[in-house]
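Listed below are the residues making up each chain.
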Amino acid sequence: MSFCTIPLKSTIKILILCFISNSLYSQMNSNDLIDKKVDSLLNLMTLEEKVGQMNLYNGFWDVTGPVPQEGSAEQKYEHLKKGWVGAMLSVRGVEQVREVQKVAVEESRLGIPLIFGFDVIHGYKTLSPIPLAESCSWDLEAIEKSARVAAIEASSVGLNWTFAPMVDISRDARWGRVMEGAGEDPFLGSQIAKARVKGFQGDDLSANNTLAATAKHFAAYGFIEAGREYNSVDIGTSTLYNTVLPPFKAAVDANVRSVMNSFNEINGIPVTASKFLQRDILKGKWNFNGFVVSDWASIWELINWGHAKDKREAAKLASTAGSDMDMEGYVYIEELVKLVNDGTVKESIVDDAVKRILRLKYELGLFDNPYKYCNESREKSTLYHKDHQEAALDIAKKSIVLLKNENNLLPLKKEGQKIALIGALASEKNSPLGSWRIASDDNTAISVLEGMQQYKDNSLVYEKGVDLTIGKTHFVEEVVINETDKSNFPKAIEAAKDADVVVMVLGEHGFQSGEARSRTQIDLPGLQQELLEEVYKANKNIVLVLNNGRPLAIEWADKHIPTIVEAWQLGSQTGNAVAQVLYGDYNPSGKLTMTFPRNVGQVPIYYNYKSTGRPINREGNVFWSHYIDSERTPLYAFGHGLSYTSFEYGNFKINGKTFNINDTVEVSVDVTNSGNYNGKEVVQLYIRDLFGSITRPVRELKGFELVELKKGETKTIQFKLDKSLLGFYNNEGEFIVEAGDFKVFVGGSSMTTLEKSFELIE
Ligand code: NOJ
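The rules behind these values
- Residues numbered from 1 in each chain as written.
- Predicted model: local features only at pLDDT ≥ 70, side-chain atom pairs only at ≥ 80, totals over all residues.
- Heavy atoms only, no water.
- 1 Å grid on protein atoms, 1.4 Å probe; cavity = no way out; pocket = protein on both sides within 12 Å on 5 of 7 lines; lining within 4 Å.
- Points joined across faces, edges and corners; volume = space filled by probe spheres on them.
- Helix = DSSP H or I, 4+ residues; strand = E, 2+ residues; numbered from the N terminus.
- Nonpolar A, V, L, I, M, F, W, Y, C, P; charged D, E, K, R; others polar.
- Domains from an automatic or database assignment.
- Core = buried A, V, L, I, M, F, W, Y, C linked by side-chain atoms within 4.5 Å.
- Buried < 20%, exposed > 50% of the residue type's maximum accessible area, 1.4 Å probe, protein only.
- Pairing = 2+ DSSP bridges.
- Contact = heavy atoms within 4.5 Å.
- Buried area = accessible area lost by both parts, 1.4 Å probe.
- Salt bridge = Lys/Arg side-chain N within 4 Å of Asp/Glu carboxyl O.
- Polar contact = N/O pair within 3.5 Å; in protein donor to acceptor, adjacent residues only side chain to side chain.
- Phe/Tyr/Trp six-rings, centres within 6.5 Å; stacked < 30°, edge-to-face > 60°.
- Lys NZ or Arg CZ within 6 Å of the ring centre and 35° of its normal.
- Axes fitted to C-alpha atoms, helices over the stretch in contact; angles between N-to-C directions.
- Parallel < 35°, antiparallel > 145°, perpendicular 65-115°, else oblique.

Turning to the layout of surface pockets, a few remarks are in order. Within this model, the largest pocket holds a volume of roughly 1,000 Å³. As for the largest pocket, its lining consists of 45 residues, and the residues nearest its centre are P186, Y241, N242, T243 and P246. Of all elements in the fold, only α8 (186-201), α9 (237-244), α10 (246-253), α11 (275-285), β21 (700-709), α23 (723-726) and β23 (728-729) reach the threshold of two or more residues within the lining of the largest pocket. For the lining of the largest pocket, the residue count by class is 21 nonpolar, 11 polar and 13 charged. If you count residues domain by domain, the lining of the largest pocket takes at least three from each of domain 1 (3-379) and domain 3 (647-761). Volume-wise, the second largest pocket comes out at about 630 Å³. Lining the second largest pocket are 26 residues, and of these Y606, Y607, Y609, R632 and V698 sit closest to its centre. Partitioned by chemical class, the residues of the lining of the second largest pocket number 11 nonpolar, nine polar and six charged.

Written as structure tokens, this is what we have:
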């Protein structure tokens, strides 16, 4: 149905909008055409209507944050009719979307269609692994596909805008939201940011199966102090430019259509009000032409930060700084018109924001057909589609990381083994969906138990051993962890005694990570550690399968348990993926993208740290950079991950010793599958710039390749290092390359010792 055929109350409205939409500028290229259309429409708008476009309301249900003031359904409805709403979030389902869109299109004066946004983070109904898990696949194609599937499902229910990808770099496992990002590395994070944006947005934003993406949270939310949610951030300029900003820049370069700002402050300025970040960097230096959406009520929260004294000042600060749309904060809608009318905020600021928002509406094709995402039969046939389940299974397998496999306990034999499966998480069908699954249906994950039951030629006994949670859990609720009831221990211990191999599924509940789920202890929650130790006394042949949304401190397990598999929260297909890996139908290929600490006291811990003035114990005394009660090294390093086969590296070459700054350094290495299984290896390349005007990290990932090798096969892997990879940002935010000595490392983890050197000269 075309917008022009919809029966509208006002004939003038039809004429004006059809004219703007279709005929007037038919000769122009599409960008210029959109600009012209936007300008024409803007000319028709009252100030109230313009400010209305900057207003984003949550739907009439599903609140994902505290509402600063009562935003009643009646009020929202009234505002929709007046054209005072630019977009809605969390209205979903074809019927609801159509109903709300109809109000905007048919009842408001200009009939400007709404954008419908939602947190489509790792799927809509069919859920892929949590994003941190997906990043461990290092498989950009599979990650893009996962976002594509999410977009196909979400767009079929009327949505056209997702609040993803989260591209925050994070080094602190206490922060619950590490599950939503791509880990600690800016290079990998940038590649994944691009892949996710491409997956959501596809090649054609106006297609009805793509979503506009949002790079969030701009910026430095991953660096909140002490990992405590919504806390302040205090980072240096060098970290900001070299670590925090690159994935956002990558997303902007990939044409992400919106950016969400973050809840934190930097240098005493809450970023919602940061002109430096939003106008100078994002819209200035980077030339971003999409729009900036605030996070939930973050404009209003400027008051709580003690930065704005009231809503009026909050509206002034945020709009001037470049926050274009107010998410459920009621600040712009109440204050901006007055601020413009009394000359405090220039109307050009409002115009700029509105143009950015209208531009997306044109790009999405909403003016041609505001109901283009609303098709009930597509909705029905798309959700939980079997192709989506297949894609979810594919990336779930690829996300699993084999941390340890002593005595080759894995893969399990396919017959004749007596297996005891232990742990409440093993039979969970809800927890593996993670905490960001607002649209998905409860209990729709395949549990590990169900996955393993498909391998029928072994005997499988299941005992939960101990409940992880007690009481009902729900999205906005916190889970209550069982700290007392050990009544099921004995049954689990008996089952273990009788087994050849014990598979224990332990870790965090899905609701223990995610937004507002910071933890001060990052070991196995509740009574699980005690259960593990008791079962270990009965049978040492344990395969520990971890389910978690953040790196855990599992030093005891690493010391005692022969085999450890990191299986995160893998979404709808969890059990199938885990079972296929345990039984060797898929040879694990994942590598960690966040460092695992030995204990919480080491956090923040990350591979690309700085040397310090006292990096080693040179003089055999206490005065060097270390802990007196723990190793300073990680338990499992960034990039670490094993396979059932083994890989050997050889013939490592660089095409010279000295290079000009403008040259390209070529590196090659032969990788051989020297074990007994076909497998995949993530070949990683790191550099170290030995001396810099700004100190450089001890290692920086600058290349990787996921390579598939049959048993006995060798492949030569080549990397190219040009100045875009050898340089860095100085403290003025300029990208520079400095002459000097470099080291290059290649291997299967950030701890690789295979190294060579070269020199860059001017
Ligand atoms: C708050 C979160 O920080 C953000 O990531 C999310 O998109 C919004 N709520 C909307 O749900």
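And the narrative resumes.
W161, L245, M452, V503, M504, W568 and L582 are the most contacted members of the largest nonpolar core, which has 194 residues in total. Broken down by element, this core gets its largest block of residues, eight residues, from helix α15 (residues 347-363). Counting contributing residues, this core receives three or more from each of domain 1 (3-379) and domain 2 (392-602). I395, F638, V682 and F745 belong to the second-largest nonpolar core, a separate cluster that totals 40 residues.

The subject of this paragraph is the sheet that holds strand β4 (residues 161-162). Judged by pairing direction, the sheet is parallel, and its five strands sit side by side in the order β4-β3-β2-β1-β10 without closing on themselves. Looking at which strands have only one partner, the edges of the open sheet turn out to be β4 and β10 (326-327). Sheet analysis places strand β1 (residues 55-58) next to strand β2 (residues 87-89), joined by three bridges and oriented parallel. Bridge assignment links L56 to a residue of β2, and that residue is A87.

With six of eight residues buried, α9 is to be regarded as a mostly interior element. Those residues of α9 that fall on the buried side of the exposure criterion are S238, L240, Y241, N242, T243 and V244. In this structure, the buried side of α9 is in contact with α8, α10, β7 (265-266), α11 and β23.

Taken as a whole, the chain is organised into domain 1 (3-379), domain 2 (392-602) and domain 3 (647-761). Tallying the contact residues gives 45 residues for domain 1 and 41 residues for domain 2. Between domain 1 and domain 2, a total of about 3,300 Å² is buried, with carbon and sulfur atoms accounting for 61% of that surface. The interface formed by domain 1 and domain 2 holds three salt bridges in total. Along the contact surface separating domain 1 from domain 2 lie 24 residue pairs in polar contact (both at pLDDT 80 or more). Going through the elements one at a time, α6 (131-135) and α7 (140-155) are the ones with two or more residues in the side of domain 1 that touches domain 2. When residues in the side of domain 1 that touches domain 2 are grouped by element, the largest group, four residues, is from α6. Its residues placed into classes, the side of domain 1 that touches domain 2 shows 22 nonpolar, 10 polar and 13 charged.

The next thing to look at is the pattern of salt bridges. Within the structure shown, the criterion is met by 45 salt bridges. Of the charged contacts, one joins K414 and D585 as a salt bridge, the two residues approaching to 2.4 Å between their closest N and O atoms. With K414 in the loop between β11 (401-405) and β12 (418-422) and D585 in the loop between α22 (574-582) and β17 (647-654), this residue pair connects regions lying 171 residues apart in the sequence. Residue class for K414 comes out partly exposed when judged on its relative accessible area of 40%. The salt bridge involving K743 is made with E755; its shortest N-O contact spans 3.2 Å. Residue K743 is found in strand β25 (residues 740-747), and its partner E755 is found in strand β26 (residues 755-761); the two are separated by 12 residues along the sequence. Because the salt bridges share partners, they merge into one network encompassing D119, R177, E180, K216 and E515.

Note on aromatic pairs: each is described by the distance of the centres and the angle between the planes. Applying the stated criterion to the full structure yields 24 aromatic pairs. Consider the rings of W138 and F638, whose centres lie 5.6 Å apart with planes at 55°: the pair is tilted. Of this pair, W138 sits in the loop between α6 and α7 while F638 is found in the loop between α22 and β17, placing the two residues 500 residues apart along the sequence. Considering the side-chain rings of W175 and Y221, the 4.8 Å spacing of their centres and the 75° angle between planes classify their relative orientation as edge-to-face. Separated by 46 residues along the polypeptide, W175 in the loop between β4 and α8 and Y221 in the loop between β5 (214-218) and α9 bring together distant segments of the chain. The same class applies to W175 and to Y221, which are both buried. Here the aromatic residues W138, F187, Y607, F638, Y686 and F704 are joined through ring pairs into a cluster of three or more. For the cation-ring pair, K756 lies above F652, with the distance from its terminal atom to the ring centre recorded as 5.7 Å.

Moving on, we get to the packing of helix α13 (residues 311-321) against helix α14 (residues 332-341). α14 packs onto α13 with a crossing angle of 75° between their chain directions and a minimal axis gap of 9 Å. Between α13 and α14, the interaxial angle falls into the category roughly perpendicular. Across the interface between the two elements, K311, R312, A315, K316, A318 and S319 from α13 touch Y332, E334, E335, L336 and L339 from α14. Per-class residue counts for the contact of α13 with α14 are five nonpolar, one polar and five charged.

A few words on the environment of I736. Within the fold, I736 resides in strand β24 (residues 735-736). Distance from I736 to G692, taken between C-alpha atoms, is 10 Å for residues 44 residues apart in sequence. Setting aside anything within four residues of it in sequence, one finds I736 in contact with S693, G727, F728 and N730.

Another aspect to go through is the pairing of strand β6 (residues 258-261). Because side chains alternate across β6, one face comprises the buried residues S258 and M260, and the other comprises V259 and N261, equally buried. Pairing analysis gives four bridges linking β5 to β6, with the strands arranged parallel. Paired with K216 across the two strands is M260, which belongs to β6. For β6 and strand β9 (residues 291-293), the ladder comprises three bridges, and the chain directions are parallel. Residue pairing for β9: M260 is matched across the bridge by V293.

With that settled, the discussion passes to the sheet that holds β26. Strand order in the open sheet made by the five strands is β18-β26-β25-β20-β21, with mixed pairing throughout. Every interior strand has two partners, whereas the edge strands, β18 (658-660) and β21, have only one. Pairs of neighbouring strands in the sheet enclose a mean axial angle of 25°, with direction left out of account. In this sheet, β21 lies alongside strand β20 (residues 679-689) in antiparallel orientation, the contact comprising nine bridges. Within β21, the position partnered with E681 by the bridge is V707.

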